Amino acid sequence: GSDNPQLVALLLALGIGHHLQGHDGRAVPFFERSLDIIKKSPAMKDRDSGSMAAWKGLGLCYLAQEDYRQAAPAFEDALAIEERILPADHTNLCATIANIARSYHELKDYNRALHYYDRALAIMEKHPQEMDHPEGLIAVLTDMGLTYRAMERHSEAAVAFQRCLQVQERAFGK
C-alpha cells in the first residue's frame, strides 16, 4: 500500500541519489512524497527517522538551490524531530543546527544565524572527544566569522577566525 515503509525508504533513497548528483529539483518531489505518505500513516514504524531524513533532504536541496526561505523551516522541522529523539546536546544535532544558521545568514537574519551558530558551537565544545573530524567545527567558526563580518562586528569576526585557525593547525598541522 501507499503507507508501506519500504516505499518511503525507496523514495528517500531516490531523493538522496538525485541530490548527490546535483539534481535537487528532481530530488524534492521524492522527499515531499515520502512526507505525504508518513503524514497519512500515523502507525508507521520508523516514522520519526523517515520524516527527519525527508526534512533534512528537502533542506539540503533548498540550500543547494539557494532557496533559503524554504531551507530554514525544512531544517527546523528536521531539528524538532531530532530533539525529540536525541539528547539536547547530542553532536548529531550540530549539522542541522549549522544548516539552519547558514540559511538565516543567507537571508541576512544575522542575529538568528548567530543564535544557531552559538548553539552548534556549544554542543561541539561540550563533546570535544566526539569531534574527531574537526571539519564541522571549522565550518561553524568560519561561518560565525563571516556572519560577524557581515554585521560589521570585526573584532568578534577576528576572534572566530583565530579560533578556526587554531583548530585547523591543531588538527592538520601548521
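Look above for the structure.
No experiment lies behind these values; they were computed from the predicted model shown.

Thresholds applied
- Sequence order sets the numbering: in each chain, residues are counted from 1 along the sequence as written.
- Residue-level local features of this predicted model are given only where pLDDT is at least 70; pairs of side-chain atoms are given and counted only at 80 or more, and the full residue set underlies all totals for whole chains, interfaces and linings.
- Excluded from the side-chain calculation are hydrogens and water; included are all heavy atoms of the structure.
- Each nonpolar core is a collection of buried residues, namely Ala, Val, Leu, Ile, Met, Phe, Trp, Tyr and Cys, held together in the definition by side-chain atoms within 4.5 Å.
- Buried means the residue's accessible area, taken with a 1.4 Å probe over protein chains only, is under 20% of the maximum for its type, while exposed means over 50%, and partly exposed covers the values in between.
- Runs of H or I in DSSP of at least four residues are treated as helices and runs of E of at least two as strands, each being numbered from the N terminus.
- Two residues qualify as a contact provided that any one of their heavy atoms is within 4.5 Å of a heavy atom in the partner residue.
- Between N-to-C directions, angles span 0 to 180 degrees; the directions come from axes that are lines fitted to C-alpha atoms, helices contributing only their stretch in contact.
- Reported orientations rely on four angle classes, namely roughly parallel under 35 degrees, roughly antiparallel over 145, roughly perpendicular from 65 to 115, and oblique for the rest.
- Two helices that cross are described as forming a left-handed crossing if the nearer one is turned anticlockwise from the farther one by less than a right angle, and a right-handed crossing if clockwise.
- For this classification, Asp, Glu, Lys and Arg are treated as charged, while Ala, Val, Leu, Ile, Met, Phe, Trp, Tyr, Cys and Pro are nonpolar and the rest, including Gly, are polar.
- Aromatic pairing here means that ring centres of Phe, Tyr or Trp (its six-membered ring) are within 6.5 Å. Orientation follows from the plane angle: under 30 degrees is stacked, over 60 is edge-to-face, and everything else is tilted.
- Charges are assigned to positions over rings by a cutoff of 6 Å between ring centre and Lys NZ or Arg CZ, combined with an angular limit of 35 degrees from the ring normal.

1. Some remarks on the nonpolar core
- Ranked by internal contacts, the top residues of the largest apolar core, which has 50 residues, are Trp55, Leu58, Ile97, Tyr116, Val140 and Met144.
- Counting residues per element, the ones that place at least two in this core are helix H1 (5-20), helix H2 (24-39), helix H3 (47-64), helix H4 (68-85), helix H5 (93-106), helix H6 (110-126), helix H7 (135-150) and helix H8 (154-172).
- Apart from the residues within four sequence positions on either side, Leu58 is in contact with Val28, Phe31, Glu32, Leu35 and Ala74.

2. Structural notes on the packing of H1 against H2
- Contact pair H1 / H2: the axes reach a minimum separation of 7 Å and the direction vectors enclose 160 degrees. Accordingly, the angle class assigned to the pair H1 and H2 is roughly antiparallel. Regarding H1 and H2, the two cross each other, and that crossing is left-handed. Taking contact as the criterion, the partners of Leu7, Val8, Leu11, Leu12, Leu14, Gly15, Ile16, His18 and His19 in H1 are, on H2, Asp24, Arg26, Ala27, Phe30, Phe31, Arg33, Ser34, Ile37 and Ile38.
- Tallied by class, the residues present in the contact of H1 with H2 amount to 11 nonpolar, 4 polar and 3 charged.

3. A word on the packing of aromatic side chains
- One pass over the structure, following the stated rule, counts 1 aromatic pair.
- Here Tyr104 and Tyr116 contribute two aromatic rings whose centre-to-centre distance is 6.0 Å and whose plane-to-plane angle is 15 degrees, an arrangement assigned as stacked. On the criterion of sequence distance, the pair formed by Tyr104 in helix H5 and Tyr116 in helix H6 is long-range, its members being 12 residues apart.
- By relative accessible area, which is 13% here, Tyr116 ends up buried.
- Above the plane of the ring of Tyr104 lies Arg112, whose end atom (NZ or CZ) is 4.6 Å from the centre.

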